[in-house]
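# Survey of secondary and tertiary structure
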Amino acid sequence: MSKLLSMSDAIATLIPDGASVALGLQLEQMIPFAAGHEIIRQKRRGLTLIGPISDILFDQLIAAGCVERVIAAWVGNVMMGSAYNFRRAVEQDGLRVTNLTNFAVALALQAAAMGVPFLPTRTALGSDTALNNEFFTEMESPFHAGDKLHAVRALAPDIAIVHVQRADRNGNAHCWGNFGVMVEAVRAAKRVMIVAEEIVDPEVIASDPNRTMLPGFLVNAVVECPYGAHPSPVQGYYKRDDAFFRQYHEQTKTREESAAWLKRWVYGVNDRRDYMNQLGAGRVEELGVKQHAYAVQTDYGY
Amino acid sequence: MPTAALPPATYTLSELMVAAAAREIRDGEVVFVGMRLPLIAFVVAKRTHAPNAVGLFENGVIRSTPAPELIYTMADPPNILGATQCLDMLGVMSLLQSGRVHLGFLGAAEVDRFGNLNSTEVRGPKGMVRLPGSGGACDIASLAQRYVAVLEHSRQRLPERVSFITSPGNGEGSGWRKRVHLPRGGPSAVITTKAVLRFGEDGEAYLASAHPVSSVEDVIAHTGWKLRVAENVSTTPEPTAEELKAIREYDREGFWTS
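Residues numbered from 1 in each chain as written. Chains lettered and ligands numbered in written order. Predicted model: local features only at pLDDT ≥ 70, side-chain atom pairs only at ≥ 80, totals over all residues.

The subject of this paragraph is the interface of chain A and chain B. Interfaces are often sized by the accessible area lost when the parts come together. At the interface, 46 residues of chain A touch 46 residues of chain B. Of all elements in the fold, only strand 2 (47-53), strand 3 (67-74), helix 4 (84-91), helix 5 (102-114) and helix 6 (182-188) of chain A reach the threshold of two or more residues within the side of chain A that touches chain B. Among the elements that line the side of chain A that touches chain B, the one with the most residues is helix 5 of chain A, at 4 residues. Split by residue class, the side of chain A that touches chain B holds 19 nonpolar, 17 polar and 10 charged. (Contact = placed C-beta atoms within 7 Å. Helix = DSSP H or I, 4+ residues; strand = E, 2+ residues; numbered from the N terminus. Nonpolar A, V, L, I, M, F, W, Y, C, P; charged D, E, K, R; others polar.)

Right, here's the structure in full:
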């Protein structure tokens, strides 16, 4: 059965107010900005954002008033440092933040993916990050008396949104590059939404099962959205728009500037096509692949 | 290195810090690279004295060769092209936890007398300043065989005790890491804009070398506790011509090193 939906229908169907949403799971690559912007346009409220590091998408959702809580290891603008709306929301507006570490995010999602209540780890022993934190508790190894560890609590997001290079209409998806915590988040989440640069025939995906990082039976919706990860990069499709991250940093220092930024890039456009038109053909051309670098063919024959 | 150092005016402070960070990498080591300046330090080490170093990135990338062009984040496409392996965070974090990573690099807003790092929040007279958070820093500080921190040098950035331990160093001193059951590791150096600090048997930082632009007195005056000075305190070696070439061929516009 085809799971293809438009971006607006997918967000309307899958993300109610108050949902916990895992985003930015491949770290700085393939961040689902187009999906995040549609969440903002549909004025979702009370969301919990989950992710390892978010780059600037969390900051934009926070600026738009969509967010009640953040469960993450790092929130900012990776190449520039701090993100201003996140800072303001925590320092002035009392945004609730649960601090994790990257490894702890991965373990919390993996525990949920495995159907166990926690996973043990040696990270963050002695760190204040683990104090008064519902995701950490100290435990002793049941096999070795006196071996103290941290237990990291399982975390199952209501929905994981994942950007990939190509998917078929059933939600089987090829992804390459770095995966971060995508695979465990997809297994942990109650629902999964895929945003793909291209929709291809099922035979294309089935031809290379080792590259199929998401099996369709776990996927609830597939959205075709070229350039849906801009300004983050998609390997083989477009590079990172570094200037856009710099400009965001310069253009969102105050609440008023941030509102103007959202008006221009989110509320002022209907969809991703509008957004890319505003970005301009020259910029889009510049971001495109200049030198292809294809992998050798893989023989699955027998 | 046989190459002669250039006079001070011919390199920037960031270039000196990158070269100093690169020299912390020994040939053949497995390095958890981290963000910002260390991204370049790894490249410089690979192109100079440590061609066999292996880089791990928390997004899941493992590299045996430097990225072919400048990267701003570890997930930039040049860091994927030609990588040794591209998988997931749990994979590289598992290598870190099982003790296979020799050295990790970290940034921070604050580092204290015992090498504890804060990148979560700073509480001061004007209230709380929220910082981005741990990312993978706490994991690296907890689990690598040793780590090196890189940051700006000021009394505010180097307080006697950090207000929040994001990434554990030597805690309250010698023996602390063992008491809290950390499996290994701890700080081996702090590279600042003024100096290189190292750590004694008691877990406390001392001044190992001051950069050519800073005197020992200047470093002490800008440190938030009574900083001990090594008997054989030296001047941080200037970047060699070979190191500067590696830095400038990579960071052509000086985004990280101007």
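Having seen it, we continue.
When the pLDDT values of chain B are averaged, the result is 94; 97% of them are 70 or greater. Interface predicted TM-score (ipTM) for the complex: 0.97; the corresponding pTM is 0.96. (pLDDT = per-residue confidence, 0-100.)

Nonpolar side chains tend to gather and get buried jointly when the protein is soluble and globular. Grouped together as the largest cluster of nonpolar side chains are 178 residues, with contacts concentrated most on A:Ala108, A:Ile194 and B:Ala21. A per-element tally of this core places helix 5 of chain A first, with 9 residues. Apart from the residues within four sequence positions on either side, A:Ala108 is in contact with A:Phe135, A:Val152, A:Arg153, A:Ala154 and A:Leu155. (Core = buried A, V, L, I, M, F, W, Y, C linked by C-beta atoms within 7 Å. Buried ≥ 20, exposed ≤ 12 C-beta atoms within 10 Å, placed from the backbone.)

A few words now on the sheet that holds strand 6 (residues 136-140) of chain A. Residue and element names in this part refer to chain A. The 3 strands are arranged 5-7-6 in an open sheet whose pairing can be described as antiparallel. Looking at the sheet topology across the chains shown, the edges are occupied by strand 5 (118-121) and strand 6. When strand polarity is set aside, the average angle formed by the axes of neighbouring strands in this sheet is 35°. Relative to strand 7 (residues 148-153), strand 6 runs antiparallel, the two being bridged by 5 bridges. Its bridge partner being in strand 7, Phe-136 is matched across the sheet by Val-152. Sheet strands in contact with helix 5 are strand 5 and strand 7, and its direction is about 145° off that of strand 5. (Pairing = 2+ DSSP bridges. Axes fitted to C-alpha atoms, helices over the stretch in contact; angles between N-to-C directions.)

Moving on, we come to the packing of helix 3 (residues 56-63) of chain A against helix 4 of chain A. Residue and element names in this part refer to chain A. Relative orientation of the contacting elements helix 3 and helix 4 amounts to 55°, with a least axis distance of 7 Å. In terms of their interaxial angle, helix 3 and helix 4 are classed as oblique. The two elements helix 3 and helix 4 cross, and the hand of that crossing is left-handed. The residues of helix 4 that touch helix 3, namely those facing Phe-58, Asp-59, Ile-62 and Ala-63, are Asn-85, Phe-86 and Ala-89. In terms of residue class, the contact of helix 3 with helix 4 is made up of 5 nonpolar, 1 polar and 1 charged. (Parallel < 35°, antiparallel > 145°, perpendicular 65-115°, else oblique. Left-handed = near helix turned anticlockwise from the far one by under 90°.)

With that settled, the discussion passes to the packing of helix 1 (residues 13-23) of chain B against helix 8 (residues 241-250) of chain B. All names here are of chain B. Where helix 1 contacts helix 8, the two axes come as close as 10 Å, and the packing angle between them is 110°. Here helix 8 runs roughly perpendicular to helix 1, going by the angle between their axes. On helix 8, the residues that touch Glu-15, Val-18, Ala-19 and Ala-22 of helix 1 are Glu-243, Leu-244 and Ile-247. Here the residues of the contact of helix 1 with helix 8 sort into 5 nonpolar, no polar and 2 charged.

With that out of the way, let us pick up unusual backbone geometry. Residues and elements named next belong to chain A. Cis geometry is adopted by the peptide bond preceding Pro-231, which originates at His-230 and carries an omega value of 10°. Here Pro-231 shows up in the loop between strand 12 (221-224) and helix 8 (242-251). One non-glycine residue, Leu-27, lies in positive phi territory at about 55°. Following the sequence through the fold, Leu-27 ends up in the loop between strand 1 (20-22) and helix 2 (33-41). Classification of Leu-27 as buried rests on a count of 33 C-beta atoms within 10 Å.

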